[in-house]
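# Structural description and commentary
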Amino acid sequence: MQKNTENLLPADIESVLSQNSPLLPSRELLSYVKHCFNLGSKYLEAIKGESMPLYIIDSSILRERADKFKKSFTKAFTDTAFYFAVKSNNHPDVARTLLQSGFGLDVSSGLELQMALDLGARDIVFSGPGKTKAELQMAVTNSDRVTILIDSFGELAKLQEIAAANNRVMRAGVRLTTGQETLWRKFGITLNDLPLFYEKAIDCVNIRFCGLQFHMSWNLTPDAQCNFIEMLGRTLASLPESHRKSIEFIDIGGGYWPSQGEWLQPAGTREGQLRMVVGRKAGRPTDHYRLPAAGVDEFAAQLSQAINRHIFAVIKCRICFEPGRWICHDAMHLLMSVADKKADDMIITDAGTNAIGWERFETDYFPVLNLTSPSLDERACNILGSLCTPHDVWGYTYWGESIKDGDILMIPSQGAYTFSLRQNFIKPLPPVVVL
Ligand SMILES: *Cc1c(COP(=O)(O)O)cnc(C)c1O
């Protein structure tokens, strides 16, 4: 997850160091912190008596996000379907809430597929590279509920064989590669190969091939998605009429960044990383940066314009969405307590970052809120977990009057790509409280 600095020439270094990433506007940070303190006091009420640390899932936030996402895109398109990307938060209650909100589920392994089936999901898309025969078999067995997004020519052949052996017809689409120049080419087939894929798929009598999918992640704006839609439109226009007619859906994936933007520690910025490479400090602990992101209505407006112009001019079909992060990011939080105040500028918490599975807070900034002594002042202090590694960092500041043993801290908005990545490493995993 590190930002790339390795291709810089020495001559570039000074010029990068003299640049500055955009600062996180303090008004936005303050209003977020205020909002989270309000949530925090509500949560403390609700979990009275529970021991720390724990995760909280706030189902009302999930429902609100699901409704907002759907509303934005149904305004822009007439025929839509929404699938929550389970990998972004694989707690079954998160998926259950999304199902209740009228979403289907987007799964990328047999494990996730089994969970979706157990939850009673009736509309599941299964995508991902290297699906095993056992996974394909599970999908075929549940062909009334699953659409497979085929990843390669080899997988097409395997799926045909398994579907034939089971005497089933499997609904399927194909994933399209969006990054031929990068390792993103591990996903799907190229646009150039699409005509050949149609030729092969026609011979697969146990596969009803009726859709296309692409997915790009980390979109702060819709630009990259719109560019790909334009290329896709050109490819579709060149396909024979019969192939075009068979397309029932185009799934444009997920990757929508939450509208707060990406919040970074000094070490998460390009200049900060480079400073460390050349032996300097990345920056001050109270420096926060933000890469701004477009709001979901802006995504909907731009994507609908691109799709109208480049796709609907050629074919009319359903548009499918697979948001993960945008839906669950703000809906889960971590609560923990101060286990040991070792110095005025260093405390150890009872939770470790095995709870989130990666060294997120070395580069990403999220405020650490002292719920026991709230204040809108941010104070420098190393907030470290209890794992035996110095990378076990929650942050370098906290919001509060003071900090002492036993204080309850909240790290808000840890719903996406944290719980799913939790690790059995040194400390037990915190229990989950669903509100
Ligand atoms: C990860 C993934 C998503 C969700 O991406 P987010 O960035 O969480 O919105 C959607 N579709 C596919 C195929 C994915 O792999």
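Before any of the text, the structure's been laid out above.
One structure accompanies this document, and this report is about it.

The rules behind the values
Residues numbered from 1 in each chain as written. Predicted model: local features only at pLDDT ≥ 70, side-chain atom pairs only at ≥ 80, totals over all residues. Heavy atoms only, no water. Near = heavy atom within 4 Å. Polar contact = N/O pair within 3.5 Å; in protein donor to acceptor, adjacent residues only side chain to side chain. Areas by Shrake-Rupley, 256 points an atom, 1.4 Å probe, with all protein chains shown as cover. Nonpolar A, V, L, I, M, F, W, Y, C, P; charged D, E, K, R; others polar. Helix = DSSP H or I, 4+ residues; strand = E, 2+ residues; numbered from the N terminus. Buried < 20%, exposed > 50% of the residue type's maximum accessible area, 1.4 Å probe, protein only. Phe/Tyr/Trp six-rings, centres within 6.5 Å; stacked < 30°, edge-to-face > 60°. Lys NZ or Arg CZ within 6 Å of the ring centre and 35° of its normal.

In the region of the ligand, 15 residues are neighbours, and K87, G255, E322, R325 and Y417 sit closest. Within the side chain of D106, one N or O atom sits 3.2 Å away from a nitrogen atom of the ligand. With respect to the ligand, the backbone of R325 contributes an N or O atom lying 2.7 Å from an oxygen atom. Summarising the interface, the protein chains cover 92% of the accessible area of the ligand, which totals 390 Å² for the free molecule. Residue composition of the shell around the ligand, grouped by class: three nonpolar, seven polar and five charged.

Here the focus is unusual backbone geometry. Cis peptide bonds are those with omega within 30 degrees of zero, and the linkage from M52 to P53 qualifies with -5°. Structurally, the position occupied by P53 is in the loop between α2 (26-46) and β1 (54-57). Within the chain, W218 stands out as a residue other than glycine whose phi angle is a positive 60°. For W218, a relative accessible area of 35% corresponds to the partly exposed category. A positive phi is found at Y417, a non-glycine position, where the angle reads about 55°. Taking relative accessible area as the criterion, Y417 reaches 19% and is therefore assigned buried.

Moving on, we come to the packing of aromatic side chains. Summed over the entire model, instances satisfying the criterion amount to 23 aromatic pairs. Both rings, one in F73 and one in Y256, keep their centres 5.7 Å apart while their planes meet at 55°; by these two values the pair is tilted. With a gap of 183 residues between them, F73 in helix α3 (residues 59-76) and Y256 in the loop between β8 (249-251) and β9 (262-264) connect regions that are remote in the sequence. The buried category is assigned to F73, whose relative accessible area is 0%. Here the aromatic rings of F361 and W394 are separated by 5.6 Å at their centres, their planes lie at 45°, and the arrangement is tilted. One end of the pair, F361, is in helix α14 (residues 360-363); the other, W394, is in strand β16 (residues 393-399), and 33 residues separate them in sequence. Take F361: its relative accessible area is 0%, and that puts it in the buried class. By way of ring pairs, the aromatic residues F69, F73, F77, F82, F103, Y256, F299, F312, F321 and W326 are connected into one cluster. For the cation-ring pair, R65 lies above W326, with the distance from its terminal atom to the ring centre recorded as 6.0 Å.

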